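Coordinate analysis (summary)
Below, each chain spelled out in residue letters.
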Amino acid sequence: MTKRPKGAIIGVGELKPTRYSEGKTTLSLLTEAALLAIKDAGISKEDIDGLLVGPQVGETPQHVPATVSEYIGLEPTMSNTVDLGGGATGAGMVWRAAAAIEAGMCETVLCVLANKNEKGEALRSPPNRNPIREFDVPFGASGANTSYALLKRQHMEVYGSKQEDFAQIAYWARKNAQLNPPNAIFYGKPLEVEDILNSPIISDPLHLLEIVMPVAGGAAVIVTSEEKAKKAKNKPVYLKGAGEKITHRAVSQAPAIDALPFGYCIPHALKQAEIAISDIDLLSLYDCYTSVVAVTLESTGLCKQGNSVILSKSIASVMMEIIL
C-alpha cells in the first residue's frame, strides 16, 4: 500500500469569479479568500501555523509567502510557494499541507490562490525569460493556446477524433454551468454544438469557445491534522489519495499523447486511496481547454483511450448525472 499524507480540509473560502477586478490587487483578493476560509473553519488567524500560496505574477516576484504572511498577519512555521499552473496548484497544495503536518512542521495550514484581472493586463505582461523563448516561441509555439491546440491536433491525428467530439465537451460544460446562477459568468447564455463549431479558430484546431477565458477570483482551504479535524466546526474532508507528475514545461518537450502525466497521477491517487475509478461518483476536472478534458477523462479509464465516440458519450453521461 502507498502511504498517504494525513490531513483534512475543515474550511473553505471562495470569491465569486468576475471578468475583471478593477481596483483590486492580488494581495487583497488572497486576503479576502483566506479570511473567508478561516471564518468558515471556525478558527482564528493565530491557529494558522502553515501557509501555502500560489505565485503572484507581476506583483510579488520574490518572497511571496513572507509578503502574504505579513499582509494577512500570520507567523507560520512552514511556508512555501506552490506553482503547478492554474489547474493543478490548488490540489497540489492540499497534499503538501498534509505532508507538512505529518512531518511535524505545522498543524494547521492555509492554502490560498488568487488572481486579479484588469482590462488590457495581457498587454502589460512582465518579461518572460524561460527557455521556451529561445526554442519554442521563434517557431510560433507561444502561449497556452498553441500548446493545447497541438494536443488537440495530436489527438485527432492519432485517434481520428473529430471537431464535433471536442465541441461536445464545451457544450456540456456550458450546459452544466446553467445550474449555477450565483457564480457562472455565462449563466443564462447556453450554447449549442453548432455555436462552438462556428466560433472563430484561435489556434488551429481550437475554436474560441473551447478556450479558457481569463477571470479574476480567489479561493482558499484550511488543512489541519486528522486529530484536530475531529474537533472542527465543520465535517472534515479527509485527504485519501493524491498523484502528481511533471513531464515538461515547453510543448516542444511534451511526451507522446499516450505517455502524458495524467496516466501516472490518476492511478497513483486511486491506489493511495485504495479505491477504483468505479467507486467515484463525482469528478471535478480542470476544463481549461477541451483537449485537456478529453485526455484527462481518457486517463481515468471512464472511456477507451482515443475513442472519440465513447469519449463524447461519456462526457454527456457524466454531465447529465451531475445535472440530474
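You'll find the structure just up there.
Residues numbered from 1 in each chain as written. Predicted model: local features only at pLDDT ≥ 70, side-chain atom pairs only at ≥ 80, totals over all residues. Heavy atoms only, no water.

As a further point, take the overall build of the protein. Within the protein, the regular secondary structure consists of 11 helices and 8 strands. Counting over 324 residues, the protein shows a buried share of 40%. A fraction of 75% describes how many contacts in the protein between residues 6 or more apart in sequence connect residues 24 or more apart. (Helix = DSSP H or I, 4+ residues; strand = E, 2+ residues; numbered from the N terminus. Buried < 20%, exposed > 50% of the residue type's maximum accessible area, 1.4 Å probe, protein only. Contact = heavy atoms within 4.5 Å.)

Attention now moves to the packing of aromatic side chains. What the rule picks out here adds up to 2 aromatic pairs. Where Tyr 171 meets Trp 172, the ring centres are 5.4 Å apart and the plane angle is 80°; that geometry is what we call edge-to-face. For the pair formed by Tyr 171 and Trp 172, the shared burial category is buried. The ring of Phe 186 is capped by Arg 174, whose NZ or CZ atom sits 4.3 Å from the centre of that ring. (Phe/Tyr/Trp six-rings, centres within 6.5 Å; stacked < 30°, edge-to-face > 60°. Lys NZ or Arg CZ within 6 Å of the ring centre and 35° of its normal.)

Taken together, the 6 strands give an open sheet; going across it, the order is E3-E2-E4-E7-E1-E8, and neighbouring strands pair in mixed fashion. For this open sheet the edge positions go to strand E3 (78–81) and strand E8 (237–238), each flanked by a neighbour on one side alone. Taken together, the 6 bridges between strand E1 (residues 8–14) and strand E7 (residues 217–224) define a ladder with antiparallel strand orientation. Directly across from Gly 11, in E7, lies its bridge partner Ile 222. Across the sheet, helix H1 (residues 26–41) touches E1, strand E2 (50–53), strand E4 (108–115) and E7, and the angle it forms with E1 is around 130°. Across the sheet, helix H2 (residues 64–72) lies against E2, E3 and E4, angled at about 120° from E2, the strand it touches most. (Pairing = 2+ DSSP bridges. Axes fitted to C-alpha atoms, helices over the stretch in contact; angles between N-to-C directions.)

On to the packing of helix H9 (residues 262–273) against helix H10 (residues 290–300), then. The packing of two helices is summarised by the inter-axis angle and the distance between the axes. Where H9 contacts H10, the two axes come as close as 9 Å, and the packing angle between them is 45°. One finds that H9 runs oblique with respect to H10. Our pair here, H9 against H10, has a crossing hand that is right-handed. Packed against H9, whose contacting residues are Phe 262, Gly 263 and Ile 266, the element H10 presents Val 292, Val 295, Thr 296, Ser 299 and Thr 300 at the interface. (Parallel < 35°, antiparallel > 145°, perpendicular 65-115°, else oblique. Left-handed = near helix turned anticlockwise from the far one by under 90°.)

What follows covers the pattern of salt bridges. Under the definition given, this model contains 7 salt bridges. Close ionic contact of Glu 244 with Arg 96 constitutes a salt bridge, the shortest N to O distance being 2.7 Å. One end of the pair, Glu 244, is in the loop between E8 and H9; the other, Arg 96, is in helix H3 (residues 85–102), and 148 residues separate them in sequence. Residue Arg 153 is joined to Glu 157 by a salt bridge in which the shortest nitrogen-to-oxygen separation is 4.0 Å. (Salt bridge = Lys/Arg side-chain N within 4 Å of Asp/Glu carboxyl O.)

A few words on H1. Taking 1.5 Å of rise per residue, the 16 residues of H1 would be expected to cover 22 Å, and the 23 Å separating its terminal C-alpha atoms lies within 8% of that figure. Taken residue by residue, H1 has Thr 26, Leu 27, Ser 28, Leu 29, Leu 30, Thr 31, Ala 33, Ala 34, Ala 37, Ile 38 and Ala 41 as its buried positions. Where the residues of H1 are buried, they touch E1, E2, H2, E4 and E7. Note on H1: the residue one or two positions beyond its end, Gly 42, has a positive phi of about 75°. (Expected span 1.5 Å × (residues − 1).)

Right, let's talk about the side chain of Ser 291 for a bit. One can find Ser 291 in helix H10. The buried category is assigned to Ser 291, whose relative accessible area is 1%. The contacts of Ser 291, once residues within four sequence positions are left out, are Tyr 148, Leu 151, Lys 152 and Phe 166.

As a further point, take the pairing of E4. By the criterion of burial, E4 is predominantly enclosed, with 6 of the 8 residues buried. Here E2 runs beside E4; their pairing, made up of 4 bridges, is parallel. Residue pairing in the sheet places Val 53 in a bridge with Val 112 of E4. Of the strand pairs in this sheet, E4 and E7 are connected by 8 bridges, and their pairing is antiparallel. By the bridge assignment, Thr 108 is partnered in E7 with Thr 224.

Let's shift gears to the pairing of E2. The two faces of a sheet get side chains in turn, since along a regular strand they alternate between them. By the alternation rule, side chains of E2 split into Gly 50 and Leu 52 and Leu 51 and Val 53, which are all buried. Note that E2 and E3 share 4 bridges and pair parallel. The residue of E3 that forms the bridge with Leu 52 is Asn 80.

The buried fraction of H10 is high, at 10 of 11 residues. Here H10 has its buried residues at Thr 290, Ser 291, Val 292, Val 293, Ala 294, Val 295, Thr 296, Leu 297, Glu 298 and Thr 300. Immediately beyond the C-terminal end of H10, within one or two residues, lies Gly 301, with a positive phi of roughly 90°.

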